[in-house]
Amino acid sequence: MSASNSPSWTSSLPLLGRVWEAWRSLPPPIPEDSVTLRVLVQLLVIVGMVATDVAAGTQISLWAVPLSIMGASWSWFRRRERNVLLKFALAIALIGTLVVFLSNLVTTLNDTRVILGELLIQVQVLHTFDLPRRKDLGYSMVIALILIGVAGTISQTMAFAPFLVLFLLLAIPTLIYDYRARLGLSDRPSDGSQASVVKTVRQSFPWKASLTLALLVLSLGLVLFTVIPRVPGYQLRSFPVSSTIDFRGDFDGRNIVSPQAQADGSQFNGEGEGTAEGPGEVDETFYAGFAESMNQNLRGSMTPQVVMRVRSQAPGFWRVMAFDEYTGQGWRVSRNDNVREVRRSPWSFRFDLPFMGPRSYTQEVIQTYSIVADFPGLIPVLDQPRYLYFPTEDVAIGPEGSLRSPVPLSDGLTYSVVSHVSLRDRTRLGEAATTYPQSIADVYLQVPEEIEERLRDYSQSVLANAPNPLNNPYEISLYLAQYLKQNYNVPQDPFGLPFLDEGEDLALNFLFRCEEAANPAACTPGGYPDHFSTVFTLLLRSLGIPARLATGFDPGNFNPFTGLYEVKNTDAFALTEVYFPSHGWFAFDPIPGHEVIPPSVSEYEPFGVLRQFWDWIAGWLPSPVTGFINGLFVMLGRGIDWFLERFSRGWFGILTGLLTLVLFGFAGWLSWQGWREWKRRRWLSKLAAMERLYQQMLQQLAADGCGKHPADTPLEFARQVGDRYPAEVCIIVSRICQAYVGWRYGKESVPVEELRQQWQRVQRRDWRRKLATLGRR
């Protein structure tokens, strides 16, 4: 090409001119002319972008989708051009995109998945302006697949599911048309007519096969999703955290900030005036136990609302607050000034939290909390938190181990926690000492003098009627909790119990209200759920066992599709924590309908989804069938536990486990062979006599290495046998093949029994010949 056809700037810049000429001398790219393939690829990209937006809560697709469509249209019309200047401009834009990404990566200390998703979307938008070849469309398909994967990892709701199904329904025809394009098949009719693309696709596309394949993929995916074990994640130490929250003002942790008070700078201290007594009505949104004081003389109920979603390696009690001082009608934190402030490093979101007391036999559990509704400046965690990844520069630890934030927890905030959760062992806790440190006894044995003796007498009378002597605090705690569950009730009406009068004690009202009533038969003993925990705490204190009231959330409903626990405000309640020297605090739940022992790390089930599916199936089956299948599952589980335990008992255990594995493998192989032989015999038994003899002959010859090719006729196969076997074998094989052809196609009558006897004699002679040959060797 002559220099006159080059741009004017090439004469002044010889090096660029030579590069330009070398570029222009390259052969033009072979374009992809399939409009259908291009449209399907673009739809895949759009689904990936929108799915990422929905999962991350961003709005990138508002500009990315229109620009991507414009770029794809431009690429179609310019697919046969070299587009040198466009490629140069796109290269500069990609460099700028990379610079922005690296800048965001440096300034963002938390989870980078959203930033990576944004980078992929930006790259794809630029990439759509230059898609001449089929290979370029393949890059777009890969980016769309990565985007849908990113959306799946960051999604916290089922809103991602429709996009996944839509992506699958688009991916199957995309792969089909990509394969057609590789074979050189055009979208246009073979006769050269000008039919529309839509009509051509409707006529040529295998709709039934595609839908069948999509259903098979979905079904297989659901089955794998159900049976694959849920292994605890978080193998990497980069935990999800929101962006840094700038807090301006003084923070000492003594006051708890409420969402309503954030605007005017006031503090949230419970029931308006900060009192823990007096009649009142339950707030419809906020639980009364998330404050410096807790009034239990309230009536009413909350309106259910999702507060947070939790991803945790194990379920548990999401602890928020704890109280040490009983006020007669509620609780308060008596040492609220004893707060420790903790500051993190400016280079990391991690807070190193001090241990709040002695602990033994702990297990690390990692949790990530995503707040979806306004929440006070208290940080729910599993007890006991060791590391906190939180987006503020400071947090505080209350005297009872509660974590406090300088700002309310608002919708969209995400933080992570690493807790060292104590493992509950009944034997060890039963053997714990009963001599308590003075710092524990001075705070957690407090009971008002006017009710202490009466509560002690009641507790001792209950324990005296126990079927077995109770000689340690752990067994006493279990028995008292069960006793309250079985002998007292929760009223169905949230306004059913009258308010406590001024000076009236909640615990005495709970225990003795019906005894002192004018009509005891018409009185229902008990109280509201949190009243049970209050009474239980005071009963333990009256016996000299340190206890405190803790508030938090039940694990919530586990969503197997997202892997998250969905926690509502109505999941909040109070339970009792009991102190055991050298072991720490352990929770007990005396509320009817709850388990005495709250969920813990020991309840982790790798096959939790399969268990939920089986529970649903079992509801439709008769009880005997369900019991039998449950027994099989129990036996299988015990067998797996026994097998895995072998590998933890030294070399002898390892050898035992391997030998067991070999034996089970051999038994499985024998079972498989026996099943195949049974299936073969059953199939042969259903055939006609001549057909059965013919098939037996083919199977025996195939076992000797002389199989029949499907394209060969019976007579052609008989001639091939003559080259490998003695004459007597060839003769009977030829007779059987000829008889089979005559019976099958000519409806002739054949001597089946005579042929079978001749074939059996030949087989016996052949086996004797093989044995003699082996003997000579």
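Everything numeric here is computed off the predicted structure, so don't read it as measured data.

A.B. asks: Which parts of the structure should I look at to understand the UniProt feature "transmembrane region" (unreviewed entry) in the chain?
C.D. replies: The feature "transmembrane region" (unreviewed entry), as given by UniProt, occupies residues 60–77, 84–106, 160–179, 209–228 and 650–672 in the numbering adopted here. Between the end C-alpha atoms of residues 650–672 the distance is 33 Å, and the span holds 100% helix and 0% strand.

A.B. asks: Teacher, can you tell me more about the pairing of strand β19 (residues 572–580) here?
C.D. replies: Residues in a regular strand point their side chains to alternate faces of the sheet. Across the 9 residues of β19, 9 count as buried, placing the element largely inside the fold. Sheet analysis places strand β16 (residues 547–553) next to β19, joined by 7 bridges and oriented antiparallel. When the bridges of β19 are listed, Ala550 appears paired with Leu575. Pairing of β19 with strand β20 (residues 584–588), which is carried by 5 bridges, proceeds in the antiparallel orientation. Along β20, the bridge assignment pairs Tyr579 with Trp585. Hairpin connection of β19 to β20: 3 residues between the antiparallel strands, including Ser582 at a positive phi of 70 degrees.

A.B. asks: Help me out: how do you make sense of the packing of aromatic side chains in this one?
C.D. replies: How two aromatic rings sit relative to each other is given by the distance of their centres and the angle of their planes. Considering all chains together, one arrives at 25 aromatic pairs under this definition. Plain terms: the ring middles of Phe317 and Phe573 are 5.3 Å apart, the flat faces sit at 65 degrees to each other, and that makes the pair edge-to-face. Taken as a pair, Phe317 in the loop between β4 (306–312) and β5 (318–323) and Phe573 in strand β19 lie far apart in primary sequence, 256 residues in all. Grouping residues by exposure puts Phe317 and Phe573 together as buried. A cation sits over an aromatic face here: Arg424 above Phe588, 5.1 Å from the ring centre. Taking NZ or CZ as reference, Arg428 lies 3.5 Å from the ring centre of Tyr361, over its face.

A.B. asks: Just to check I follow, could you spell out the sheet that holds strand β12 (residues 385–389) for this structure?
C.D. replies: Across a sheet, strands are paired by hydrogen bonds formed along the backbone, either parallel or antiparallel in direction. Strand order in the open sheet made by the 7 strands is β9-β12-β15-β10-β4-β18-β17, with antiparallel pairing throughout. Two strands lie at the open edges of the sheet, namely β9 (350–352) and β17 (557–559), each paired on one side alone. Averaged over all pairs of adjacent strands, the angle between strand axes in this sheet comes to 25 degrees, irrespective of strand direction. The pairing of strand β10 (residues 362–371) with strand β15 (residues 414–422) spans 9 bridges and is classified as antiparallel. From the neighbouring strand, Tyr369 faces β15, where its bridge partner is Tyr415.

A.B. asks: I tried to follow unusual backbone geometry on my own but got confused; where do I start?
C.D. replies: The general pattern is negative phi for most residues beyond glycine and trans for most peptide bonds. The omega torsion across Asp383 and Gln384 is 0 degrees, close enough to zero to call that bond cis. Assignment of secondary structure puts Gln384 in the loop between β11 (378–379) and β12. Of note in this structure, Ser582 is not a glycine but carries a positive phi near 70 degrees. Classification of Ser582 by relative accessible area gives exposed; the value is 53%. Residue Lys747 is not a glycine yet carries a positive backbone phi of 55 degrees.

Reading the values: the criteria
- Residues numbered from 1 in each chain as written.
- Predicted model: local features only at pLDDT ≥ 70, side-chain atom pairs only at ≥ 80, totals over all residues.
- Heavy atoms only, no water.
- UniProt positions renumbered as here; feature names shortened; annotations may be inferred.
- Helix = DSSP H or I, 4+ residues; strand = E, 2+ residues; numbered from the N terminus.
- Buried < 20%, exposed > 50% of the residue type's maximum accessible area, 1.4 Å probe, protein only.
- Pairing = 2+ DSSP bridges.
- Phe/Tyr/Trp six-rings, centres within 6.5 Å; stacked < 30°, edge-to-face > 60°.
- Lys NZ or Arg CZ within 6 Å of the ring centre and 35° of its normal.
- Axes fitted to C-alpha atoms, helices over the stretch in contact; angles between N-to-C directions.

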